[in-house]
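# Residue-level structural notes
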Amino acid sequence: MVNLVAGFLFAGLVGAALVFLIFRGRMRSEAAERRLTTGFIVYCLVASFSPILLQRDLWPFSSWALMVGAAPAAIGDDPQGLLVVAVDADGGEQAIDYRAWRPFSVEEIHAWLRQQFPQLDADAQRQSAIYLLARVNAARALARGKGPAALNGWLGWFSAPFHQLHTVVWRKPADVPAQPFVGLRVYREFWNFEARRTNRSLTHRSLLYQFSVAP
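These remarks concern the structure in this document. Predicted model only: the values in this text are computed from it and were never measured.

### A closer look at the overall build of the protein chain
In terms of helices and strands, the protein chain carries five helices and five strands. In the protein chain, the succession of helices and strands from N to C terminus is α-α-β-β-β-α-α-β-α-β. Long-range contacts, defined here as pairs at least 24 residues apart, represent 66% of the contacts in the protein chain between residues at least 6 apart. Within the structure as shown, the protein chain displays about 14,200 Å² of accessible surface, and the carbon and sulfur contribution to it stands at 61%.

Here it is, written out as structure tokens:
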């Protein structure tokens, strides 16, 4: 039954869109065109709010139940908070722009580091770290040469972000480190929402893994 309702909603959306596109320019009066536009908007709003009111996923309209719920006050144990930073030739840590991991998202990288990476032997971990470092350095070189917008793909700054928003670290070429990175460090982060709201520096880190190509 739910699938049937979802099918009707989606078919109605497609039909309403086609009617709107075909007849919008053929209305005999401005009032008729306004009624057509209003009807299309109302249908879209009803179809979009139906999953929320019914608490049922009616694809492609979804209540996003996966993302519903308040986050815990303390981050670190559950869910685990991770931070990956690049290491420069001087041993300093540099923030990595989230777009450097494309086509992977930050969440995918962190999930893999939490679950699969610890199960690898030392050599496999090193090879994985070499791969990740190479991706970050390739993104650094691209952002340095063509500008950070190149990390978004051919749409540049108009490219759609991932569903979870992250701070853009490299906004202009001058923000991008000039020299290649030589290593990576993976930290586990612990922090409190309320405390960090007033002071972002109130974060405790525990080093999980570090890798360097330097001898």
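### Quick notes on unusual backbone geometry
For residues other than glycine, phi is negative in most cases, and the peptide bonds are mostly trans. Cis geometry is found at the peptide bond from Arg102 to Pro103, where omega equals 10°. Examined against the element boundaries, Pro103 turns out to sit in the loop between strand 3 (93-94) and helix 3 (106-115).

### Some words on helix 3
Among all positions in helix 3, only Val106, Ile109, His110 and Leu113 are buried. Projected down its long axis, helix 3 shows its buried positions confined to an angular sector of 95°, all on one face.

### Describing helix 4 (residues 122-146)
Helix length check: helix 4, at 25 residues, gives a terminal C-alpha distance of 36 Å against a target of 36 Å (1.5 Å per residue), a fit within 8%. Within the span of helix 4, buried status applies to Gln125, Ser128, Ala129, Leu132, Leu133, Val136, Asn137, Ala139, Arg140 and Ala143. Packing partners of the buried residues in helix 4 comprise helix 3, strand 4 (183-192) and strand 5 (203-212). For helix 4, the N-terminal cap is Asp121; the gap from its side-chain oxygen to the backbone nitrogen of Asp123 is 3.2 Å. Immediately beyond the C-terminal end of helix 4, within one or two residues, lies Gly147, with a positive phi of roughly 100°.

### Let's talk about the pairing of strand 4
Within strand 4, eight of the ten residues are buried, leaving the element largely enclosed by the surrounding structure. Both strand 1 (residues 74-75) and strand 4 contribute to a ladder of two bridges, which runs antiparallel. Its bridge partner being in strand 4, Ile75 is matched across the sheet by Trp191. As paired elements, strand 2 (residues 81-87) and strand 4 share seven bridges and run antiparallel to each other.

Rules used throughout
- Residues numbered from 1 in each chain as written.
- Predicted model: local features only at pLDDT ≥ 70, side-chain atom pairs only at ≥ 80, totals over all residues.
- Heavy atoms only, no water.
- Helix = DSSP H or I, 4+ residues; strand = E, 2+ residues; numbered from the N terminus.
- Contact = heavy atoms within 4.5 Å.
- Areas by Shrake-Rupley, 256 points an atom, 1.4 Å probe, with all protein chains shown as cover.
- Buried < 20%, exposed > 50% of the residue type's maximum accessible area, 1.4 Å probe, protein only.
- Arc of directions from axis to C-beta.
- Expected span 1.5 Å × (residues − 1).
- Polar contact = N/O pair within 3.5 Å; in protein donor to acceptor, adjacent residues only side chain to side chain.
- Pairing = 2+ DSSP bridges.

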